[in-house]
Structure formats: structure tokens, C-alpha cells
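# Results of the structural survey
Below are the chains, spelled out letter by letter.
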Amino acid sequence: MVYIREAHPTDGWQIGSNVRDRVLFKQPKSVAERTAVAQTMCTKLKIDLPCLLDGLDNKVGKAYSGWPDRLYFVGVDGKIIYKGGPGPRGFRPADLSASIEKYLPTIKATGKKSKHAVRGLAVWTGDGACVPAFVAFGCRNGLKIP
Amino acid sequence: MVTGRKGSLLVAAMLVVLTIASLAEAQGKRKPRRKGGRDPDLLKVGDVAPDFKLKTLDGKETVSLSSFKGKRPVALVFGSYT
């Protein structure tokens, strides 16, 4: 996962559901603040997958128009295979999953299903190929498919 | 008095001027982009995914997208807590 600038901080476009759920954070102004919010997010949402931190310049988020949230699938050749719409409406893990499922047989004949408990995203991984879900760095942190 | 073809041309010219003026006015009145809103949508399927180098949360490691090229596909999820 690439943690990008907050979508609905208390000092920005705050929304009622976050007030109700007590998800109240200011827009991080430093790397330390951004790291702290990202870590809290991973803990509270039980995200046990690798998480990367976009810089304070939001360069990567901008390049991918990732705000407020968005899904991509990038092929082995480095080209975009799937690009979801902007969240929340365009954030469709099932579409990403279908894209991965469709793509993997083109690089591997067999595959095993690996389910990750983040927003219901299920990722098909090629046998031994490992799809780094949520931006990964290799087959680590429980992502390795036997 | 202007009549016939000349008159039609004059009306058409006036309509063009009015349309341009309306568009210019609308442009001026357009609401300013919400601060911190969406960024321009630049990428499309088939494009080369822009490379990046980002640090992990513990700051101990830097990961680049290009390091996966030729090796394995990558699923990218962009998001925040709020």
C-alpha cells in the first residue's frame, strides 16, 4: 500500500462518518507525522501488508492521481494493466482481483488464491510468482505463496 | 436596414461573439478547485507506470517500482486513513 495524503483530515475536508468513527487526524505536515498516521492506520485496520510512505511533496500520489484512493495493477513489463477509478466509488477491489486473475495465466499456467484482509481484496497469485499486493517488495511479510 | 444574406451573416457573427463572451464569463466564474482535491488524471491502461522510490514506514528500506520490472507484476493501492 502506498500511504498518501489524507483524504478527509480534521483541518481539511472533514466528513461526518469520520467524526462518528473517531477517525480524526490533521493533515500530516512532517514525515514523522505522516509515518505516525500511517502506522496507526495499519494497526487499526489490521493491515499486515507492506506499506510505503509517499513524500510530503505527494509526488507519487500525484503521478498516479491516487487521491483519495485508487487501485492499479502493473504487469511484468512495467505497463499498467488495470487502473481503477478514484475512490470511494471507483475503488473496486473485485475489479482489481479480476484483472489479476485474468493476467496471471498469461505468465503462469497455475495459480493459488491468496486472500488479504484489506477491504476484501483477494489476490490471485501465480504459483511461486508472488503478486506483491499493496505495493510490495518481494515475497515477504506473509505474501509469499508456497 | 440590413436584410437578406448580409443580415443572416450579421446575426451569425453576433451569436459567435455572444457565445465566446459567455464562455469567457463562465470560465471566470468557475469555482476554484477544492484545496487538496483530486490531481489531474494523467495515466491510462497501457502506459508505462511511472517509477518511484519510496521508503517503508520504518524508514529502513527504499522500494522502487522498477525493481519488479521483468520479474513480477505489482498491485498498487493508494490510500489514507481518513
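In short, a report on the structure. Throughout, a residue's number is its position along its own chain's written sequence, starting from 1. In the order they appear in the text, chains get letters beginning with A and ligands get numbers beginning with 1. It should be noted that, the model being predicted, local features are given only for residues of pLDDT at least 70 and side-chain atom pairs only at 80 or more, the latter also being counted only at that level, while totals for whole chains, interfaces and linings use all residues. Hydrogens and water are ignored here; the side-chain numbers use all heavy atoms of the structure.

The next thing to look at is the overall build of chain B. Under the DSSP-based scheme used, a helix requires at least four consecutive residues in state H or I and a strand at least two consecutive residues in state E, with every element numbered from the N terminus. The helix and strand tally for chain B stands at one helix and three strands. Overall, chain B shows an N-to-C arrangement of helices and strands of α-β-β-β. Exposure categories follow from relative accessible area, calculated using a 1.4 Å probe and restricted to protein chains: below 20% of the type maximum is buried, above 50% is exposed, and the middle band is partly exposed. Out of the 82 residues in chain B, the part that is buried amounts to 28%.

Broken down by element type, chain A carries four helices and six strands. Moving toward the C terminus, one meets the helices and strands of chain A in the order β-α-α-β-α-β-β-α-β-β. In chain A, buried positions account for 53% of the 146 residues. Within chain A, contacts between residues separated by at least 24 positions form 39% of all contacts whose residues are at least 6 apart in sequence. Areas reported as accessible are Shrake-Rupley estimates using a 1.4 Å probe. Residue values count occlusion only from the protein chains shown. Within the structure as shown, chain A displays about 7000 Å² of accessible surface, and the carbon and sulfur contribution to it stands at 55%. Only heavy atoms matter for contacts: two residues are in contact if any of them lie within 4.5 Å across the pair.

This part takes up empty space enclosed by the protein. Both cavities and pockets are sets of points on a 1 Å grid over the protein atoms alone; in a cavity a 1.4 Å probe fits but cannot get out, in a pocket the set is open with protein on both sides within 12 Å along at least five of seven lines, and lining residues sit with an atom within 4 Å of a point. Grid points are joined across faces, edges and corners, and a volume is the space filled by probe spheres set on the points. One pass over the full model with this rule turns up one cavity of 30 Å³ or more. Estimated volume of the largest cavity: approximately 40 Å³. As for the largest cavity, its lining consists of A:Ile4, A:Arg5, A:Asp54, A:Asn58, A:Gly61, A:Lys62, A:Trp67 and B:Asp39.

It is worth spelling out the sheet that holds strand 4 (residues 80–83) of chain A at this point. Between any two strands, at least two bridges found by DSSP are needed for them to pair. A sheet is described by the order of its strands in space; here seven strands give the open sequence 4(A)-3(A)-3(B)-1(A)-2(A)-1(B)-2(B), paired in mixed fashion. With one partner strand each, in any of the chains shown, strand 4 of chain A together with strand 2 (62–64) of chain B form the two edges of the open sheet. In terms of strand pairing, strand 1 (residues 2–3) of chain A meets strand 3 (residues 74–79) of chain B through two bridges, oriented parallel. Pairing of A:Tyr3 across the sheet is with B:Gly79, part of strand 3 of chain B. Each axis is a line fitted through C-alpha atoms, and for a helix only the stretch in contact is used; angles between axes span 0 to 180 degrees, taken between their N-to-C directions. Across the face of the sheet, helix 4 (residues 93–103) of chain A comes into contact with strand 3 (70–74) and strand 4 of chain A together with strand 3 of chain B while running at roughly 5 degrees to strand 3 of chain A.

With that out of the way, let us pick up the environment of A:Tyr103. Note on placement: A:Tyr103 falls in helix 4. You can call A:Tyr103 buried: its relative accessible area is 15%. Between the alpha carbons of A:Tyr103 and A:Tyr82 there is a distance of 9.9 Å; along the sequence they are 21 residues apart. Filtering out sequence-adjacent residues up to four positions away, A:Tyr103 remains in contact with A:Phe73, A:Gly75, A:Val76, A:Ile81 and B:Pro73. We call two N or O atoms a polar contact when they sit within 3.5 Å, provided that within protein one can donate a hydrogen and the other can accept it, with sequence-adjacent residues counted only if both atoms are side-chain atoms. At a separation of 2.9 Å, a polar atom in the side chain of A:Tyr103 contacts the main-chain amide nitrogen of A:Val76.

Nothing here speaks to function; it is all geometry.
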